[in-house]
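Read off the chains here:
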Amino acid sequence: MISPSVSSVVRRRGLCLLALLSASAAASAATLAENPALLKQRVAALFAGRYASSSCYEQPNQDGRPAAAGDLRITPDGQVVVGPERAALFDPAGELGFTLDLKARQFYLDISAGDRMARLASTDDSFRQASIEIGRGSGNVTQGRSCADLDVRGARIVAQPESAAALFAELYDTGGRTVKGRCHTGRRSGGKDREASFKVSGTALVLNGRTLPWQAPGGALGMVSLGSHVADQQVNGSVEWLNGANFQVERSIGPGAPFVSFAFAEGGTEWACSPAP
């Protein structure tokens, strides 16, 4: 399911990020990975709110009806609502994914279940012109509702962008231990093998002995993504730093919360890894 300089918003919030990470991740990271209900609440909280639009349409709009006022509501329990259309962030038969791009100041939220889908996108760096489409369709909504010019500055993922990094750190916190694994490259890279390791805490990722802070001058995060096929009870995450470092990881949600896989690129080579038992 995943360059301009870092924004002034992110710079201003550096200390806030460190405080948030240290306070929450160290205290309850394992609890979050083992508690699906709590995880759902935390993800929904990033987007929850009511966002007004003056440009909502029914789809299809074959009669050329003019735009009407409307709104997007995302509830604390993860319901996405536009007029009569409704979708759930955590539909048991669905998929969920979001990306916060701190470099471009954009975010994307995609959910789908069967032939129903919803896509919220903010591609304007002011976060005042987001759009939502929701209803039935594949790739694009062909029957449902769409709204443009949504002001989403009040969403937590926008107002407190450090909260997305905090969620990632808390979800994948390794509880002080180092996870080791065997890694392999594809045939195009020569089919090589190697050992690798990582440790996630509230302050940093340590990847193969290299410390990558969640927030630091010249090394700040540039992108955070999370995604899940809900029925699999696994969640995959991806982070990228402005200095080019990157890391992807997948973890089961529930008792024990074992790590399923991890990956990274180093020296131009992409490595896919399986954690050791």
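Here the structure is shown first, and the text comes after it.
In this report, the structure presented in the accompanying data block is examined.

Calculation criteria
Residues numbered from 1 in each chain as written. Predicted model: local features only at pLDDT ≥ 70, side-chain atom pairs only at ≥ 80, totals over all residues. Heavy atoms only, no water. Helix = DSSP H or I, 4+ residues; strand = E, 2+ residues; numbered from the N terminus. Buried < 20%, exposed > 50% of the residue type's maximum accessible area, 1.4 Å probe, protein only. Areas by Shrake-Rupley, 256 points an atom, 1.4 Å probe, with all protein chains shown as cover. Salt bridge = Lys/Arg side-chain N within 4 Å of Asp/Glu carboxyl O. Pairing = 2+ DSSP bridges. Disulfide = S-S within 2.5 Å. Polar contact = N/O pair within 3.5 Å; in protein donor to acceptor, adjacent residues only side chain to side chain. Contact = heavy atoms within 4.5 Å. Expected span 1.5 Å × (residues − 1). Arc of directions from axis to C-beta. Phe/Tyr/Trp six-rings, centres within 6.5 Å; stacked < 30°, edge-to-face > 60°. Lys NZ or Arg CZ within 6 Å of the ring centre and 35° of its normal.

Let's shift gears to the overall build of the protein chain. Counting its regular elements, the protein chain contains five helices and 18 strands. Considering the protein chain as a whole, with its 277 residues, one finds that 47% of them fall into the buried category. Accessible surface for the protein chain amounts to roughly 13000 Å². Of this, 49% is attributable to carbon and sulfur atoms.

Within the fold, M117 resides in strand β7 (residues 116–122). Separated by 22 residues in sequence, M117 and G139 place their C-alpha atoms 8.4 Å apart.

Right, let's get into the pattern of salt bridges. All chains considered together, the criterion is met by 12 salt bridges. Note that R65 is salt-bridged to E58, the shortest N-O span being 3.7 Å. Owing to a relative accessible area of 39%, E58 belongs among the partly exposed residues under this scheme. Here E58 makes a salt bridge to R145, at a shortest N to O gap of 3.8 Å. Of this pair, E58 sits in strand β1 (residues 49–59) while R145 sits in strand β9 (residues 140–150), and the two are 87 residues apart along the sequence. A cluster of three or more residues bridged by salt bridges with shared partners is formed by E58, D63, R65 and R145.

Another point: the pairing of strand β14 (residues 221–229). Extensive coverage of β14 is indicated by the burial of eight of its nine residues. Strand direction decides the pairing type here: strand β5 (residues 95–101) and β14, joined by seven bridges, are antiparallel. Across the sheet, L100 pairs through a bridge with V224, a residue of β14. The pairing of β14 with strand β15 (residues 234–241) spans six bridges and is antiparallel. Following the sheet pairing, V224 is matched in β15 by V239. Counting the residues in the hairpin turn of β14 and β15 gives four residues, including Q233, whose phi is positive at 55°.

Turning our attention to helix α5 (residues 162–172). The element α5 is largely enclosed, with a buried count of 11 among its 11 residues. Every buried residue of α5 is listed here: E162, S163, A164, A165, A166, L167, F168, A169, E170, L171 and Y172.

We now examine the state of the cysteines. Applying the stated criterion to the full structure yields two disulfides. Between C56 and C147 runs a disulfide, and the two sulfur atoms are separated by 2.0 Å. Sign of the S-S torsion, about 110° for the bond between C56 and C147, identifies this disulfide as right-handed. One end of the pair, C56, is in strand β1; the other, C147, is in strand β9, and 91 residues separate them in sequence. An identical accessibility class is assigned to C56 and C147; each is buried. Between C183 and C273 runs a disulfide, and the two sulfur atoms are separated by 2.1 Å. Note on the C183 and C273 pair: the S-S dihedral is about 105°, so by sign convention the disulfide is right-handed. Placement of the pair is C183 in strand β10 (residues 179–184) and C273 in strand β18 (residues 269–275), with a sequence separation of 90 residues.

Before going further, it helps to examine the side chain of N246. With respect to the helices and strands, the residue N246 is situated in strand β16 (residues 246–252). A distance of 3.2 Å separates the side chain of N246 from the side chain of Q248, its partner in a polar contact. From its side chain, N246 meets the backbone nitrogen of A265 in a polar contact 3.2 Å long. Beyond its immediate chain neighbours, meaning those up to four positions away, N246 contacts L207, V239, E240, W241, F264 and A265.

As a further point, take helix α3 (residues 36–47). Over its 12 residues, α3 extends 18 Å from the first C-alpha to the last, a length consistent with the 16 Å expected when each residue adds 1.5 Å. Every buried residue of α3 is accounted for by L39, V43, A44, L46 and F47. Projected onto a plane normal to the axis of α3, the buried residues spread over an arc of 145° and lie on a single side. Capping the start of α3 is the job of one residue whose side-chain oxygen sits 3.2 Å from the backbone nitrogen of A37: N35.

Overall, the coordinates contain 10 aromatic pairs when judged by the stated rule. Between F198 and F247 the ring centres are 5.1 Å apart and the planes differ by 55°, which places this aromatic pair in the tilted class. With F198 in strand β11 (residues 193–200) and F247 in strand β16, the pair connects residues that are 49 residues apart, well separated along the chain. Across the pair, F247 and F198 agree in class, each one buried. Grouped by ring-pair contacts, the aromatic residues F47, F98, F107 and F127 constitute a single cluster. Taking the ring centre of W271 as reference, the NZ or CZ of R194 above it sits at 5.3 Å.

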